[in-house]
Number of protein chains: 2
Amino acid sequence: MILSEIRPLTLSGQVRDMLRDQIMAGKLSPGERLTETDLSQRLKVSRGPLREAILQLTEEGLLIKKTYKGLRVRSISLRELEELYSMRTTLERFAFEEAWEKKTDAALEDLRTRFDYLEQSRNAQDISAAVNGEIHFHSWIYELSDHSLLQSHWRKLSPLVRIYMSIHNRQHGVCGVFMDANDTYLKLAQDDNLAAALVHIENHMQKGLDQVYASLEVS
Amino acid sequence: MILSEIRPLTLSGQVRDMLRDQIMAGKLSPGERLTETDLSQRLKVSRGPLREAILQLTEEGLLIKKTYKGLRVRSISLRELEELYSMRTTLERFAFEEAWEKKTDAALEDLRTRFDYLEQSRNAQDISAAVNGEIHFHSWIYELSDHSLLQSHWRKLSPLVRIYMSIHNRQHGVCGVFMDANDTYLKLAQDDNLAAALVHIENHMQKGLDQVYASLEVS
DNA sequence: CGTTTGCTAATTGTTGACAATTTTTAATTT
DNA sequence: AAATTAAAAATTGTCAACAATTAGCAAACG
C-alpha cells in the first residue's frame with residue numbers, strides 16, 4: 001500500500017490560491033483597488049486568514065500593499081517588464097548550467113509531455129491552460145536542477161511571468177509571445193550542446209521583449 | 001525644504017525586525033523550536049501581528065513553519081550552503097553586469113565608505129556590526145544596478161547570507177570568511193575591467209566555500 | 001512486556017469586536 | 001466661489017476569546 005503524506009489545507013492557504021488564480025485569470029484587473037472587508041465578505045472568511053493570504057501574495061509581488069492605505073493589484077510597466085526578462089534570463093541560464101549534467105531519458109520524456117500539453121492548450125485557444133502550460137514547461141529545467149534555493153527564486157518570479165502572460169494573451173490572442181520559440185527550446189534541451197542552449201535562452205527572451213515593443217508601437 | 005515620506009511603523013513590522021535581529025544575533029539558535037504564545041507574551045504583543053511577522057520571516061527563509069506543527073529557526077546544512085554560494089554568485093555577477101555602466105565617482109566614494117566601516121567593525125571585533133557591514137558593502141552593487149526586481153531577490157537572499165555569517169563568525173572569530181578578499185573586490189570595482197571583476201566574484205565565492213570545507217575537516 | 005486506544009494538555013488556526021488611521025463629505029471662512 | 005477646517009464614514013491594524021489539531025501519557029488489551 002502506497003500512501004503519501006496528507007498536508008492539511010489551511011483556510012489562509014486556500015484563500016491565497018484562490019486569489020492568485022483570480023488575479024492570473026484577470027478577474028481582478030491590474031491597478032484595481034481591493035478592500036479587506038469586501039473580500040472577506042465575498043469569500044465568507046474572516047479577515048485574519050485573508051490578511052495572511054494577502055501578505056503572501058504581496059511577497060510574491062502580485063499585490064502592492066501600503067500601510068493604512070490599502071491594497072492594489074499589481075500592474076506591470078514596461079520598465080518592470082524589461083527587468084522581468086533580464087532577471088528570468090539570468091535565472092534560466094543558471095538553471096541550465098546546474099541541470100545539464102542531470103538530464104536523463106525519463107526527464108526528456110517528461111519535457112516532451114509538457115510541450116505536448118502546452119501545444120494542445122494553445123490549439124484549443126484556452127488562455128488559462130496555455131499560461132499554466134507555459135509555466136509548467138519552463139519549470140522543467142528548474143526542477144531538474146535540483147537546486148532548492150534556485151527553485152524558490154523561480155517560484156518568486158513565476159507569478160510575475162504568469163501575470164504578464166495573462167495580460168498579453170488577453171490583448172493579442174493565445175498564440176502570442178513565445179509561439180515558435182518553444183520547439184527550438186525543446187530541440188536544444190534534447191541536444192548535447194549547452195552553449196547553444198544558453199545562447200537560445202538569451203535570444204528567446206530578447207525576442208519576447210521585441211514583440212512587446214512592436215505591439216506597443218502598433219497600439 | 002526637503003522632506004522624505006514618513007511611513008508608520010506597524011507593530012507587525014517592528015516585531016519582524018526585532019525577531020530578525022535576534023535570529024541574526026544568534027539569540028535564537030538554529031533548529032530551536034518556538035511557540036507563538038511564548039513569543040507573544042515575551043514581546044507583549046498579541047498573536048495577530050506576531051503571526052504576520054512570522055509569516056514574513058518564513059518567506060525570507062529564516063524560519064521554517066509547518067501547519068499545526070510549529071515553528072523552527074532555520075539551520076543551514078552544507079548542501080544549502082553550497083546552493084547559497086552558487087545562487088549568490090549568479091545574482092552578483094548579474095548585478096555587476098547591470099551596474100557597470102552606471103558607476104560614478106560619487107558611487108565609488110560610497111563604496112569606499114562602506115569598506116571603511118566594515119574594516120572598522122572588524123578591528124573592533126564587533127560581530128554584529130561586521131555582519132551588517134559585510135552585507136551593506138555587498139549591497140552596493142545591487143543598489144547601483146537600479147534593477148528593482150534584482151534588488152528584491154537580493155533582499156530575499158541576504159538574510160540567509162547573514163545567518164550563515166553569524167554562525168560562522170561565532171565559531172571562528174570575526175576575521176573569518178572573506179578576510180582579505182574584500183579589498184580585492186574594492187580594487188576591481190574601481191577599475192575598468194568588468195571581465196576581471198566577474199572572475200573575481202567567482203573566485204571570491206569559491207574561496208569562501210573552500211574555507212567552509214576546511215573548517216569542517218578540522219572540527 | 002509490548003502495542004494499541006482513548007484521554008488530557010499544549011499549540012496552532014480562526015473569528016468577531018475594538019482601536020488607529022485615512023478618505024470623504026460638508027460646513028465655515030476669507 | 002475657492003480654500004480651509006471639522007466632523008463622519010470607511011478602511012486598516014490590533015486584540016482577546018474560541019475552535020481545530022497535535023503530542024504526550026496512562027489505561028486497556030493482546
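Rules behind the numbers
Residues numbered from 1 in each chain as written. Chains lettered and ligands numbered in written order. Predicted model: local features only at pLDDT ≥ 70, side-chain atom pairs only at ≥ 80, totals over all residues. Heavy atoms only, no water. Least-squares fit on C-alpha atoms with pLDDT ≥ 70 in both. Contact = heavy atoms within 4.5 Å. Near = heavy atom within 4 Å. Polar contact = N/O pair within 3.5 Å; in protein donor to acceptor, adjacent residues only side chain to side chain. Helix = DSSP H or I, 4+ residues; strand = E, 2+ residues; numbered from the N terminus. Pairing = 2+ DSSP bridges. Domains from an automatic or database assignment. Buried area = accessible area lost by both parts, 1.4 Å probe. Salt bridge = Lys/Arg side-chain N within 4 Å of Asp/Glu carboxyl O. Nonpolar A, V, L, I, M, F, W, Y, C, P; charged D, E, K, R; others polar. Buried < 20%, exposed > 50% of the residue type's maximum accessible area, 1.4 Å probe, protein only. Axes fitted to C-alpha atoms, helices over the stretch in contact; angles between N-to-C directions. Parallel < 35°, antiparallel > 145°, perpendicular 65-115°, else oblique.

**Student:** Please clarify how the relation of the copies chain B and chain A should be interpreted in this entry.
**Tutor:** In this structure, two copies of a chain are linked by a rotation about an axis accompanied by a shift along it. It takes a turn of 180° to lay chain B on chain A, together with a shift of 0.0 Å along the axis; the resulting RMSD is 0.1 Å. Both chain copies can therefore be described as sitting about a two-fold axis. Here 97% of the contact residues of chain B are again contact residues in chain A; the copies associate through an equivalent surface.

**Student:** In this structure, what is going on with the protein's contact with DNA strand C? I would like to understand it.
**Tutor:** Taken together, 20 residues sit near DNA strand C, with Leu 11 and Ser 46 of chain A together with Glu 36, Arg 47 and Arg 51 of chain B positioned nearest. Arg 47 of chain B is positioned such that a nitrogen or oxygen atom in its side chain is 2.7 Å from a base nitrogen of DNA strand C. At 3.4 Å from a sugar or linking oxygen of DNA strand C is found a main-chain nitrogen or oxygen belonging to Tyr 68 of chain B. Contributing elements (two or more residues each) for the surface near DNA strand C: helix H1 (11-24) and helix H3 (47-60) of chain A together with strand E1 (33-34), helix H2 (36-43) and helix H3 (47-60) of chain B.

**Student:** What am I meant to see in the sheet that holds strand E3 (residues 70-73) of chain B here?
**Tutor:** In a beta sheet, neighbouring strands are held together by backbone hydrogen bonds and run either parallel or antiparallel to one another. Across the sheet, which stays open at both edges, the three strands sit in the order E1-E3-E2 (chain B) with antiparallel pairing between neighbours. The open sheet has two free edges, formed respectively by E1 and strand E2 (63-66) of chain B, since each of these has just one partner strand.

**Student:** Is there a simple way to explain the domain arrangement of chain A in this structure?
**Tutor:** How big an interface is tends to be expressed through the accessible area that disappears when the partners come together. All names here are of chain A. The assigned domain composition of chain A is domain 1 (11-73) and domain 2 (78-218). Once you take the C-alpha centre of each, domain 1 and domain 2 turn out to be 27 Å apart. At the interface, nine residues of domain 1 touch eight residues of domain 2. Buried area between domain 1 and domain 2, summed over both chains or domains, comes out near 660 Å², and the portion from carbon and sulfur atoms is 64%. The largest per-residue losses of area from domain 1 upon contact with domain 2 belong to Met 24, Glu 60 and Leu 62, which jointly make up 58% of the total buried on that side. In this structure, the connection of domain 1 to domain 2 is made through zero salt bridges. Viewed at the interface, domain 2 and domain 1 are joined by zero residue pairs in polar contact (both at pLDDT 80 or more). Of the residues in the side of domain 1 that touches domain 2, the class split is five nonpolar, two polar and two charged.

**Student:** Sorry, what's going on with the side chain of His 153 of chain A here?
**Tutor:** Looking at the secondary structure, you find His 153 of chain A in helix H7 (residues 148-172). For His 153 of chain A, a relative accessible area of 1% corresponds to the buried category. At a separation of 2.8 Å, a polar atom in the side chain of His 153 of chain A contacts the side chain of His 153 of chain B. In this structure His 153 of chain A touches Leu 91 of chain A together with Met 87, Leu 91, His 153, Lys 156 and Leu 157 of chain B, once residues within four positions along its chain are discounted.

**Student:** Hey, could you run me through the pairing of E3 of chain B in this one?
**Tutor:** Each regular strand carries side chains that alternate between the two faces of the sheet. Residues and elements named next belong to chain B. Burial along E3 is one-sided: the face carrying Leu 71 and Val 73 is buried and the face carrying Gly 70 and Arg 72 is not. Looking at chain direction, E1 and E3 are connected through two bridges and run antiparallel. Across the sheet, the residue bridging to Leu 34 is Leu 71, located in E3. Pairing geometry for E2 and E3, over four bridges, is antiparallel. Note on E3: the bridge partner recorded for Lys 65 is Leu 71.

**Student:** Would you mind going over the packing of helix H5 (residues 105-123) of chain A against helix H8 (residues 181-190) of chain A with me for this structure?
**Tutor:** Packed helices, taken two at a time, are described by the angle their axes make and the gap between the axes. Residues and elements named next belong to chain A. Contact geometry of H5 with H8 gives a least axis separation of 11 Å together with a crossing angle of 175°. Regarding the angle of H5 to H8, the classification is roughly antiparallel. Residues Leu 108, Leu 111, Arg 112, Phe 115, Leu 118 and Arg 122 of H5 lie in contact with H8, whose contacting residues are Asn 182, Asp 183, Leu 186, Ala 189 and Gln 190. Residues that form the contact of H5 with H8 fall into these classes: six nonpolar, two polar and three charged.

**Student:** Just to check I follow, could you spell out the environment of Leu 71 of chain A for this structure?
**Tutor:** Residue and element names in this part refer to chain A. Mapped onto the fold, Leu 71 is located in strand E3 (residues 70-73). A sequence separation of 40 residues divides Leu 71 from Gly 31, and the C-alpha atoms of the two residues are 9.3 Å apart. Setting aside residues up to four positions removed in sequence, Leu 71 forms contacts with Glu 32, Arg 33, Leu 34, Ile 54, Leu 63, Ile 64 and Lys 65.

**Student:** Help me out: how do you make sense of the interface of chain B and chain A in this one?
**Tutor:** Taken together, the contact between chain B and chain A spans 29 residues of the former and 28 residues of the latter. Carbon and sulfur atoms make up 63% of the area that chain B and chain A hide from each other, which totals about 2,700 Å². Applying the counting rule to chain B against chain A returns four salt bridges. The partner of Asp 146 of chain A in a salt bridge is Arg 79 of chain B, and the shortest N-O contact between them spans 3.6 Å. Our count for the contact surface shared by chain B and chain A stands at 12 residue pairs in polar contact (both at pLDDT 80 or more). Mapped by element, the contributors of at least two residues to the side of chain B that touches chain A are H3, helix H4 (78-99) and helix H7 (148-172) of chain B. The element best represented in the side of chain B that touches chain A is H4 of chain B, accounting for nine residues. Across the side of chain B that touches chain A, the residue classes break down as 11 nonpolar, nine polar and nine charged.

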